[in-house]
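The primary structure of each chain is shown beneath.
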Amino acid sequence: MEQAVKEVHEEFNSAGCKCKPADTSIFDPTCLVAPNAQVRTLGEGFSFTEGPAVDKKGNIFFTDQPNDKIYKWSVYTGGITTFLTGTGRSNGMAFDKSGNLITCADMHGELWKIAPNGSHTVLVNSYNGKLLNGPNDVWINPNNGGMYITDPIFPRSYWDVGDPRQQAWPPTHSEQAPTGKGGYVYYLSPGSHTLLRVTTEAMGWDADGWPNGVVGTPDGKKLYINKWAPDINTAGTWVFDIKPNGTLANMRKFVDMGGDGMSMDEHGNIYISNSYGVTAFNPAGTRIFNIPTGDGATNNVFGGINNKTLFITGPADKLNAINMNVKGVEKF
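Now for a quick tour of the structure.

Concerning the pattern of salt bridges
- The final tally for this structure, using the stated rule, is 7 salt bridges.
- In this structure, Asp-241 engages Arg-252 in a salt bridge whose closest nitrogen and oxygen atoms are separated by 3.0 Å. Of the two residues, Asp-241 sits in strand S18 (residues 237-242) while Arg-252 sits in strand S19 (residues 248-255), which places them 11 residues apart along the sequence.
- For Asp-241, a relative accessible area of 25% corresponds to the partly exposed category.
- You can call Arg-252 partly exposed: its relative accessible area is 26%.

Quick look at the structure:
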């Protein structure tokens, strides 16, 4: 796959396209990247960056899960400061319309709501009375505030001794499944404290896997979910229709590639983070963009003063960014 990506880059670059990026390793035949833009490092020296989320002003918040911290990149100064230490080992994050930071805190399998002052409320920590695997990523429907969370089982060394989720790799059970990984996606309706499981075997969902990234369309009608797997090229990304009650229907394969965190631009292009960096597909599933980071990416989000900067957590010790010609849709 990596050789194929290289060959496509070379073919594209040799064609002399008028919007060829300054960095010739970037595949961008539809001119998503701003003229002469290159990847720039905003911060480094972290242990494992994840969960970038954009607030209403365009600031970017991201996690360093091994160190249990959330950092803030300032849209005004370009500096990075610590927002919070002691985050429940937060991973994926998103802001709600009230300015609260919703985080997937997998230390105890919880979903947190963190207020601007850093105080937090646990929204949920179980399904049907059993501990969640470890919420990984979250998308908030901008139309009603409903939240979708992915819940894969990734055993963590920092979990407490005696935690029933703790086990050797690869995992073979979870609190959500007596055998297999019990990897499902859940919906938390506005004002509720009870999760609804929205991916089921009845619709064709294979729960013996690792659901990971999640992103939806700004009209609240479609939801994209990917999976992580050792072979990222076959891990898969699926798209669902969102019903008025928040449940999902019409599950279909979007692309074979899976990965980690995802974002969306104003044209409905889906940006998937994985070992290839960030790869984008248009709504028809055609690959239209790839930006290698040198050592993969865990997540990405649009933000900045005009919402036209793509922020990338990856490689895992860095926060990177590149200026784009398109805007994101998650800033509201």
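Here's the deal with the environment of Asn-36
- Along the chain, Asn-36 turns up in the loop between helix H1 (2-14) and strand S1 (40-44).
- A sequence separation of 17 residues divides Asn-36 from Cys-19, and the C-alpha atoms of the two residues are 9.0 Å apart.

Observations regarding the packing of aromatic side chains
- Summed over the entire model, instances satisfying the criterion amount to 21 aromatic pairs.
- Between the aromatic rings of Phe-46 and Tyr-71, the centroid separation amounts to 5.0 Å while the plane-to-plane angle is 65°, which identifies the pairing as edge-to-face. Separated by 25 residues along the polypeptide, Phe-46 in the loop between S1 and strand S2 (49-54) and Tyr-71 in strand S4 (residues 69-73) bring together distant segments of the chain. Assigned by exposure class, Phe-46 and Tyr-71 land together as buried.
- Both rings, one in Trp-73 and one in Phe-311, keep their centres 4.9 Å apart while their planes meet at 55°; by these two values the pair is tilted.

Some thoughts on the side chain of Thr-298
- Structurally, Thr-298 is set in the loop between strand S23 (287-291) and strand S24 (299-303).
- Note on Thr-298: relative accessible area 7%, which makes it buried.
- Within the local environment of Thr-298, its side chain forms a polar contact with the side chain of Thr-313, the two groups lying 2.7 Å apart.
- Excluding anything up to four places from it in sequence, Thr-298 contacts Phe-48, Thr-49, Glu-50, Asp-260, Gly-261, Ser-273, Thr-313 and Gly-314.

Re the pairing of strand S14 (residues 184-188)
- Across the 5 residues of S14, 5 count as buried, placing the element largely inside the fold.
- Of the two faces of S14, both are covered, the one formed by Tyr-184, Tyr-186 and Leu-188 as well as the one formed by Val-185 and Tyr-187.
- Where strand S13 (residues 147-151) and S14 come together, 5 bridges link them in antiparallel fashion. What sits directly across from Ile-149, in S14, is Tyr-186.

Re the sheet that holds S18
- Within the open sheet, the 4 strands sit side by side as S16-S17-S18-S19. Their pairing is antiparallel. Sheet topology places strand S16 (210-216) and S19 at the edges, where each strand pairs with a single neighbour. Mean inter-strand twist for the sheet, computed between neighbouring axes without regard to direction, equals 25°.
- When S18 meets S19, the two strands line up antiparallel, connected through 5 bridges. Note on S19: the bridge partner recorded for Trp-238 is Lys-253.

A word on the nonpolar core
- If you look at the biggest cluster of nonpolar residues, it comprises 43 residues, and the most contacted ones within it are Leu-111 and Tyr-148.
- Aside from chain neighbours lying at most four places away, what touches Tyr-148 is Asp-137, Val-138, Trp-139, Tyr-186, Tyr-187, Val-198, Val-214, Leu-223, Ile-242, Gly-246 and Leu-248.
- In this structure, Ile-26, Val-33, Tyr-271 and Val-278 belong to the second largest nonpolar core, which totals 18 residues.

Looking at the sheet that holds S2
- On the basis of which strands lie adjacent, the open sheet formed by 4 strands has the order S2-S3-S4-S5 and antiparallel pairing. This sheet does not close on itself; its edge strands, each paired only once, are S2 and strand S5 (80-85). Put simply, the sheet's adjacent strands are angled 25° from each other on average, direction ignored.
- Across 5 bridges, the pairing between S4 and S5 is antiparallel. Bridge pairing in S5 links Ile-70 to Leu-84.

Some thoughts on unusual backbone geometry
- That bond from Trp-169 to Pro-170 is cis: its omega, 0°, falls within 30 degrees of zero.
- Residue Gly-314 is joined to Pro-315 through a cis peptide bond whose omega torsion reads -5°.
- Assignment of secondary structure puts Pro-315 in the loop between strand S25 (309-313) and strand S26 (318-323).
- For Asn-36, which is not glycine, the phi torsion reads 65° and is therefore positive.
- Look at Asn-36 and you get exposed, because its relative accessible area is 66%.

What about the pairing of strand S21 (residues 270-274)?
- Burial runs high along S21: 5 of the 5 residues are buried.
- Burial of S21 is two-sided: the residues Ile-270, Ile-272 and Asn-274 facing one way and the residues Tyr-271 and Ser-273 facing the other way are all buried.
- In this sheet, S21 lies alongside strand S20 (residues 262-264) in antiparallel orientation, the contact comprising 3 bridges. The partner of Ser-263 across the bridge, within S21, is Tyr-271.
- Strand direction decides the pairing type here: S21 and strand S22 (residues 277-281), joined by 5 bridges, are antiparallel.

What counts as what
- Residues numbered from 1 in each chain as written.
- Predicted model: local features only at pLDDT ≥ 70, side-chain atom pairs only at ≥ 80, totals over all residues.
- Heavy atoms only, no water.
- Salt bridge = Lys/Arg side-chain N within 4 Å of Asp/Glu carboxyl O.
- Helix = DSSP H or I, 4+ residues; strand = E, 2+ residues; numbered from the N terminus.
- Buried < 20%, exposed > 50% of the residue type's maximum accessible area, 1.4 Å probe, protein only.
- Phe/Tyr/Trp six-rings, centres within 6.5 Å; stacked < 30°, edge-to-face > 60°.
- Polar contact = N/O pair within 3.5 Å; in protein donor to acceptor, adjacent residues only side chain to side chain.
- Contact = heavy atoms within 4.5 Å.
- Pairing = 2+ DSSP bridges.
- Axes fitted to C-alpha atoms, helices over the stretch in contact; angles between N-to-C directions.
- Core = buried A, V, L, I, M, F, W, Y, C linked by side-chain atoms within 4.5 Å.

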